[in-house]
Amino acid sequence: MKHPSGPRLSLAAFWLLSRAVLLLYTFRVVFVPGPDVTTDVSVIYHDWYEVLRGGTYPLDDVTWQYPPAAAFAILSPGLLPFLEYAHAFFVLALVCDAVVFGLLVYAGGRPGKSPAGAWVWLVGVPLLGPTAYSRYDIMVTAVAVAALLAGVRSPRTMGVLTGIGALLKVWPALLLVGTVRGRVTRRSWAAAVVSGAAVLAACLLAAPGALAFLTFQRDRGTEVESLGALVFHVARFFGGWDGEVRLNYGSVEFLGPYVPLVSGAAMVLTALAFGWLVLWRLRVREFGATTLCDAAFVAVLLFTTTSRVISPQYMLWLVGLAAVCLVWRRSRMRRAALMVLVATGVTLLEFPIWFSHVVASDGPGLALLFVRNGLLVAASLVAARQLWRQTVTEPRLRAAGDGAGPARVPAQGGHRDGALLNS
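- Within an unreviewed UniProt entry, the label attached to the protein chain reads Glycosyltransferase family 87 protein, and the organism entered is Streptomyces tamarix.
- According to its UniProt record, the protein chain has this under Sequence similarities (unreviewed entry): "Belongs to the glycosyltransferase 87 family."
- UniProt's Subcellular location (unreviewed entry) comment on the protein chain is quoted here verbatim: "Cell membrane".

### With respect to the pairing of strand β2 (residues 244-248)
Thinking step 1. As judged from the five bridges shared by β2 and strand β3 (residues 251-255), these two strands associate in the antiparallel manner. In the sheet register, N248 faces β3, and the bridge partner there is S251.
Thinking step 2. Where β2 hands over to β3, the hairpin turn is made up of two residues, of which Y249 adopts a positive phi near 55 degrees.

### Description of unusual backbone geometry
Thinking step 1. Residue F351 is joined to P352 through a cis peptide bond whose omega torsion reads 10 degrees.
Thinking step 2. Along the chain, the position of P352 falls in helix α14 (residues 334-353).
Thinking step 3. In this structure, R28 is a non-glycine residue whose phi angle is positive, near 65 degrees.
Thinking step 4. With respect to the secondary-structure elements, R28 resides in the loop between α1 (5-26) and α2 (39-53).
Thinking step 5. A relative accessible area of 30% means that R28 is categorised as partly exposed.
Thinking step 6. Even without being a glycine, S361 presents a positive backbone phi close to 55 degrees.
Thinking step 7. Position of S361 relative to the elements: it lies in the loop between α15 (355-360) and α16 (363-402).

### A closer look at the sheet that holds β3
Thinking step 1. The three strands lie next to each other as β1-β3-β2, forming an open sheet whose pairing is antiparallel. In the strand order of this sheet, the two ends are held by β1 (222-223) and β2, each with one partner.
Thinking step 2. Note: β1 against β3, two bridges, orientation antiparallel. Along β3, the bridge assignment pairs E223 with E253.

### Topic: the side chain of S361
Thinking step 1. With relative accessibility at 2%, the residue S361 sits in the buried group.
Thinking step 2. Setting aside chain neighbours within four positions, we find S361 in contact with H233, R236, F237 and F254.

### Structural notes on the nonpolar core
Thinking step 1. The biggest cluster of nonpolar side chains holds 116 residues, and the ones touching the most others in it are L104, W121, Y136, L148, L175 and F297.
Thinking step 2. Among the elements that make up this core, the one with the highest residue count is helix α4 (residues 85-108) (13 residues).
Thinking step 3. Setting aside chain neighbours within four positions, we find L175 in contact with A144, A147, L148, M158, T162, L292, A296 and L321.
Thinking step 4. In this structure, F232, V252, F254 and V259 belong to the second largest nonpolar core, which totals 14 residues.

### Here's the deal with the pattern of salt bridges
Thinking step 1. Summed over the entire model, instances satisfying the criterion amount to ten salt bridges.
Thinking step 2. Across the salt bridge formed by E286 and R398, the nearest N and O atoms sit 2.9 Å from each other. Highlighted residues: E286 in the loop between α11 (259-283) and α12 (291-305) and R398 in helix α16, separated in sequence by 112 residues.
Thinking step 3. E286 sits in the buried class, given a relative accessible area of 19%.

### Here's the deal with the state of the cysteines
Thinking step 1. The final tally for this structure, using the stated rule, is zero disulfides.
Thinking step 2. No disulfide involves C203; its sulfur sits 18 Å from the nearest other cysteine sulfur, which is in C96.
Thinking step 3. Taking the relative accessible area as the measure of exposure, C203 reaches 2% and is therefore buried.
Thinking step 4. Not engaged in a disulfide, the cysteine C293 finds its nearest cysteine sulfur in C325; these two sulfurs lie 5.6 Å apart.
Thinking step 5. For C293, a relative accessible area of 1% corresponds to the buried category.

### With respect to the packing of helix α6 (residues 137-151) against helix α7 (residues 155-169)
Thinking step 1. α7 packs onto α6 with a crossing angle of 160 degrees between their chain directions and a minimal axis gap of 8 Å. In terms of orientation, α6 and α7 fall into the roughly antiparallel class. Relative to α7, α6 is oriented so that their crossing is left-handed. Listed contacts from α7 to D137, V140, V143, A146, A147, L148, A150 and G151 of α6 are T157, M158, L161, T162, G165, L168 and K169.
Thinking step 2. Of the residues contributing to the contact of α6 with α7, the split by class is nine nonpolar, four polar and two charged.

Conventions we followed
Residues numbered from 1 in each chain as written. Predicted model: local features only at pLDDT ≥ 70, side-chain atom pairs only at ≥ 80, totals over all residues. Heavy atoms only, no water. UniProt positions renumbered as here; feature names shortened; annotations may be inferred. Pairing = 2+ DSSP bridges. Helix = DSSP H or I, 4+ residues; strand = E, 2+ residues; numbered from the N terminus. Buried < 20%, exposed > 50% of the residue type's maximum accessible area, 1.4 Å probe, protein only. Contact = heavy atoms within 4.5 Å. Core = buried A, V, L, I, M, F, W, Y, C linked by side-chain atoms within 4.5 Å. Salt bridge = Lys/Arg side-chain N within 4 Å of Asp/Glu carboxyl O. Disulfide = S-S within 2.5 Å. Axes fitted to C-alpha atoms, helices over the stretch in contact; angles between N-to-C directions. Parallel < 35°, antiparallel > 145°, perpendicular 65-115°, else oblique. Left-handed = near helix turned anticlockwise from the far one by under 90°. Nonpolar A, V, L, I, M, F, W, Y, C, P; charged D, E, K, R; others polar.

Shown next as structure tokens:
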């Protein structure tokens, strides 16, 4: 019988090696071609840090487009005063990476679970290159992963973490879409509302401008890496569009004719994705062991793919949620998770390595965006189809086959985990 410490030691060794290489790039000992992605930390985040230390949110900076609890992430390097700001931030990002990895290794070593989730995270983070440690998204992803893994046993803990995560960057609120109807949903959703409200109140009382991000986020346009941007890339490639590419609201966006129309279409697609999730929630007949994580993965995947902005760091969200899904041996999200991993690797090529080609809308840039965004679209469709089949179609067919009426709805996690969920 193979001792479980063997695979864990291999995982740990690969994690140490891959993160050592990643840190070389992040600390600029070795250089990745293209723009320096670490300037967001050393310049933008550091400027916000100084403003926040002064007792106010960045009211006059349109690039501040984050919920109020993001201030905690920006201020966190102050915990390491013996390091300069950027270096302290990178160290804390490494710590969050290690926490996620440790949680996935621990969860994957339990009966009925798999180390595949830890491998997804192990591989996925360095595939994004130094961007992985140069944005605070890795901190948000750590909260989301912890919330989903806690949700198997404790709905309230999941709710508390989800509420905090939503005040860090909104999208963790989608983690609640797959909770079991009834007591589990009431406990987790209520805990999320209470914790989120408490954090929001603390932020509002602590400094003025906590809600300024709402205006800045609303006014964003179509970012050059988004799905909708392909319309303008193709038009520019064939010389049929008179707009421009410009740094706007903190990202490189298209500005000019038809941009509001495409941005509006992206929002319609997002609304349709939300409508599909509501329909799924109403039609679901069986909540299995993997439903909570699968539904969260599908929800975030749909909203990422249809967004007006698909920044490179968004891939960290998907890698983290895909990793949690694959902790379960019976997960059907393997194909979608593999597509996300490949898309993450392509994202590194698209930004920063060949970002100049993306901005120029030339052949290589167009090809990279079609591959990356095409993979995200395919992953969204595959994952959504599997979720629907597993929780709606197949339970209905089983119920019709045995004549037993509606399918029984087991608790998430099944057996002992399910019992704990409902205790």
